[in-house]
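Examination of the molecular architecture
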Amino acid sequence: MYSEKVMDHFQNPRNMGEIENASGIGTVGNAKCGDIMRIYLDIDEDGIIRDVKFKTFGCGAAVATSSMATELVKGKTVQEAMEVTNKAVMEALDGLPPVKVHCSLLAEEAIHAALWDYAEKNGIHIEGLEKPKSDIHEGEEQEEEEY
Amino acid sequence: MYSEKVMDHFQNPRNMGEIENASGIGTVGNAKCGDIMRIYLDIDEDGIIRDVKFKTFGCGAAVATSSMATELVKGKTVQEAMEVTNKAVMEALDGLPPVKVHCSLLAEEAIHAALWDYAEKNGIHIEGLEKPKSDIHEGEEQEEEEY
Amino acid sequence: MEGFIYLDNAATTKTAPEVVEAMLPYFSEHYGNPSSIYSLGAESKKAVAEARETIAKSLGAANNEIYFTAGGSEADNWALKATAEAYASKGKHIITSRIEHHAVLHTCGYLEKNGYEVTYVDVDENGILKLDDLRKAIRPDTILISVMFANNELGSIQPVREIGQIAREHGILFHTDAVQAYGQLPIDVDEYRIDMLSASAHKLNGPKGIGFLYIRKGIKTRSFIHGGQQERGRRAGTENVPGIVGLGAACRRAFERMEQKTDRERKLRDYLIRRIEEEIPYCRLNGDRERRLPNNVNFSFRFVEGESLLIMLDMKGICASSGSACTSGSLDPSHVLLAIGLPHEIAHGSLRLTLGEETTKEELDITIAAIAEIVGKLREMSPLYEDFMKKNG
Amino acid sequence: MEGFIYLDNAATTKTAPEVVEAMLPYFSEHYGNPSSIYSLGAESKKAVAEARETIAKSLGAANNEIYFTAGGSEADNWALKATAEAYASKGKHIITSRIEHHAVLHTCGYLEKNGYEVTYVDVDENGILKLDDLRKAIRPDTILISVMFANNELGSIQPVREIGQIAREHGILFHTDAVQAYGQLPIDVDEYRIDMLSASAHKLNGPKGIGFLYIRKGIKTRSFIHGGQQERGRRAGTENVPGIVGLGAACRRAFERMEQKTDRERKLRDYLIRRIEEEIPYCRLNGDRERRLPNNVNFSFRFVEGESLLIMLDMKGICASSGSACTSGSLDPSHVLLAIGLPHEIAHGSLRLTLGEETTKEELDITIAAIAEIVGKLREMSPLYEDFMKKNG
Ligand SMILES: Cc1ncc(COP(=O)(O)O)c(C=O)c1O
Ligand SMILES: Cc1ncc(COP(=O)(O)O)c(C=O)c1O
């Protein structure tokens, strides 16, 4: 059901781990829904993401999107990182099954949450960044009524 | 679905044919229901059935019961022939499938109809013989309601 | 069973050995549940997807418009009951024909007991739906027209294009029971404006116990079998993977060779009809001579009863049928033969011979001789024939 | 697929080669329609009758109390809907459990939309029905109690004898979904006072797409699939003869070797449970330790999500499942795990391993090592584990 890219990132997740004294940490999702992502960012004075790590509790797609999202923001500026959308993550993974699209949203949201944390800690404003939602599980694609 | 006896009488019907100037002829059943039996009796002055023939339009069981019924009455007295019931015919054939029981009733009825004709022609009364019904297709075994 | 002649292909067909071959790996090797996540399940899933695609293509449909069922009867029940439920707020009137298979007729009977009204449109003496009567039957609360593609007893092919057109014009859904036609006639659901279509694998050299319902995208429907999420949540139950693979293989096979096969059968059919008409007196061809399934021959032989004829044919190793296979055991003559106006006693003497891909001319020659002999013998035995000959002979 | 370890026998089983062997002649050789009159049909009819007898005997039932269906889901749908219809005049209340298969639960949902009331009785923390709650749920208008024989996820065996007794005392019909239990546990319908019972062949090394519903004689019922006169007019559709023969063969086979097979599996099961409990921290056995199907093992591993675990096991060639095979693809954890009171995050980390007749101790040893490694790896990756260790480590 998963593309080869997804399977590769699931089997060999990039940037898995923690960063001590991270510039920003964001945790999104909830265990009730079966996935939680945490992103650690190490951002230097020039606003460049020097390092990024993730931890994820969730399905194969959740792990793979976390991994891919970290790859996509690594070395980027904060503003560039803001442009890493869930679509970009999905495309980079050669697509996701429809029921798993929410994982890519979660990855986008996790990056944003970590950036928010960084912004708050440093009292700066990041263009276009909103306070992260606590739960992004809404509006899943639904089959038509069943009975 | 049929016993070997039934198949034998169907394949090699005994006494099939007509009798010219028969002492009594009886025809029962109707084409609408898919079976008609006609019995010809040749009865001598002592009331003994010297010869009997049948013609039948109908299913395998209809042919076999006609054939067996003629066998059972042949050489009998009229009173003895009255005792050839549908049960006797069925037993002699090693049984019939439930949906085909009506054929044995038809055979009994055909004998009675031929006897009735003989009695009328000769102005005699046969103990226990009633005027034949014109249609004996009633009260077939039914499965319980279907919907 | 050696050396028998099988002429009952409308009842069921021999599963083609290649079809069985295609199914075999899915019993004991790739036996994974297609809904499971591991690779063993993925193989089953792929096989199911391929079969679905083959079938969709054969009808000009999309893959997700094909839903597997346990056969034609389930597909018919589903189509009618689910549509009735889903559209009850629009209306409760259904139109069908007098010559449908019992899977449609008895479902209609069930719906009638549950507050729906059903109009049964007549057919002409050849078993073809009367389109004018269909038009007249339409009401504002009509939600569904269900007319079979071709009849199982007479082989008569219905004016499906016209029915589809009429249904579309009135905004009424059109279901067709194509159990007999699918695999024998080319069908394009868009061209014929078919909204739902039932088919069954065992009529086209596929296995028994598997079929499908085509449901046009956008149509409101309901599940018939509730439970797991199989078939996009529409038809629950662990997928019958070998059956589905068999259906797909049978479908591919049937469509590849359709023209060649039906040409061949049409010729054999016409040969059989001609010789019976020439050689056996007091017979009548039932059904339309032209608009007829390539493999169907149906005759009534006067003064003769069908079951006797069948048993005697069987004793000569010839498998045939008298009316629908489903109704044997019942005493009434088939509703289809009565619908074309045959009197009961003639309807009782009907014989259906349905050819298959393995049928040969030699087999037909043997069959014709057998029928002639048996009909003669049974007429000798028939009081009806006696009466007729005394009057007219 | 070579060298994989199949531990998902509750989802579906490998069709035993002897079973396939038994089916084979009915595809291309004895392919006659059992309803037909000729000898070719008689052979199919006989094969169907023999399978029916085998099944009837296995349950202490009469032959004419067994009705073939396309599987467990159809049997469940039929039992519930037909009973609801037939007894609507007596009442419209049905009792079932919270841990039924979706084939029962979604059918109940459908009935609720159609004017019936359903009470869902709770289970205890081991997944065993609370009999007191069942008793309290009974009302004068209760027409049916439907409780499964054994649960498909937890393997928990329900107090069927007591339920049957309670139902009988109150003059209420008792249906049991025995899809998981049939062929694993001895079942006598009279002893357990079961009025209806569903089973499916593919759970006992038989083919997919065939099952049966037992209906006690004398119970009012209705057809679910209307049409031809098959199954004594109760279930229309040309009989799936190879499937029925396969079901019969699988049943005979399962009952012949039941004791020996289940003894063996029970031992392996307990070995697997013991080693996982000893070797993997933060795990929890779900389901009752004693009243449990001989082949079922179900664990929750904290801080770990089920799908990831399954995919990693699959990469090592191990087939397992997380909750019911039917619900994969859904995002909610299984209703069964929630019903026994597991918090969502723990329910998400559940793993079901169901053994089969070919499972070996060596396979289990490999599986245990794989689980230990994967659970370790996933915990390394888990923010939940990180938080937990920071707090408690
Ligand atoms: C308890 C239970 N009931 C019903 C079913 C449905 O059976 P089937 O998939 O054969 O329709 C299953 C298995 O999927 C089951 O485990
Ligand atoms: C026209 C028609 N419809 C429906 C059916 C039922 O199909 P099945 O027996 O596969 O359920 C048949 C055959 O029996 C048929 O000929």
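You'll find the structure just up there.
This one's a predicted model, so the numbers in the text were calculated from it and none came from an experiment.

**Remarks on the packing of helix 2 (residues 60-73) of chain A against helix 5 (residues 101-122) of chain A**
Residues and elements named next belong to chain A. Between helix 2 and helix 5, whose axes approach to 9 Å, the crossing angle comes to 40°. Considering the angle they form, helix 2 stands oblique to helix 5. When you trace helix 2 past helix 5, the crossing you get is right-handed. Between helix 2, through Ala61, Ala62, Thr65, Ser66, Ala69 and Val73, and helix 5, the contact on the second element is made entirely by Cys103, Ser104, Ala107 and Ile111. Here the residues of the contact of helix 2 with helix 5 are counted per class, giving 7 nonpolar, 3 polar and no charged.

**Focus: unusual backbone geometry**
Phi at B:Asn15 takes a positive value of approximately 65°, unusual for a residue other than glycine. Along the chain, B:Asn15 turns up in the loop between helix 1 (4-11) and strand 1 (24-30). Given a relative accessible area of 11%, B:Asn15 falls into the buried group. Here D:Asn205, not a glycine, exhibits a phi torsion of approximately 60°, which is positive. In this structure, D:Asn205 sits in the loop between strand 7 (196-200) and strand 8 (211-215).

**Focus on the site of ligand 2**
Taken together, 14 residues form the shell around ligand 2, and within it C:Ser73, C:Asp177, C:Ser200, C:Lys203 and D:Thr238 come nearest. Each of chains C and D places residues next to ligand 2. In this structure, C:Asp177 approaches ligand 2 through a side-chain N or O atom, which is 2.6 Å from a nitrogen atom. Here an oxygen atom of ligand 2 sits 2.5 Å away from a polar atom, N or O, in the side chain of C:Ser200. Protein contact buries 96% of the 390 Å² of open area that ligand 2 shows by itself. Here the shell around ligand 2 gets 3 residues from one element, more than from any other, and that element is helix 4 (residues 72-86) of chain C. Residues that form the shell around ligand 2 fall into these classes: 2 nonpolar, 9 polar and 3 charged.

Conventions adopted
Residues numbered from 1 in each chain as written. Chains lettered and ligands numbered in written order. Predicted model: local features only at pLDDT ≥ 70, side-chain atom pairs only at ≥ 80, totals over all residues. Heavy atoms only, no water. Axes fitted to C-alpha atoms, helices over the stretch in contact; angles between N-to-C directions. Helix = DSSP H or I, 4+ residues; strand = E, 2+ residues; numbered from the N terminus. Parallel < 35°, antiparallel > 145°, perpendicular 65-115°, else oblique. Left-handed = near helix turned anticlockwise from the far one by under 90°. Contact = heavy atoms within 4.5 Å. Nonpolar A, V, L, I, M, F, W, Y, C, P; charged D, E, K, R; others polar. Buried < 20%, exposed > 50% of the residue type's maximum accessible area, 1.4 Å probe, protein only. Near = heavy atom within 4 Å. Polar contact = N/O pair within 3.5 Å; in protein donor to acceptor, adjacent residues only side chain to side chain. Areas by Shrake-Rupley, 256 points an atom, 1.4 Å probe, with all protein chains shown as cover.

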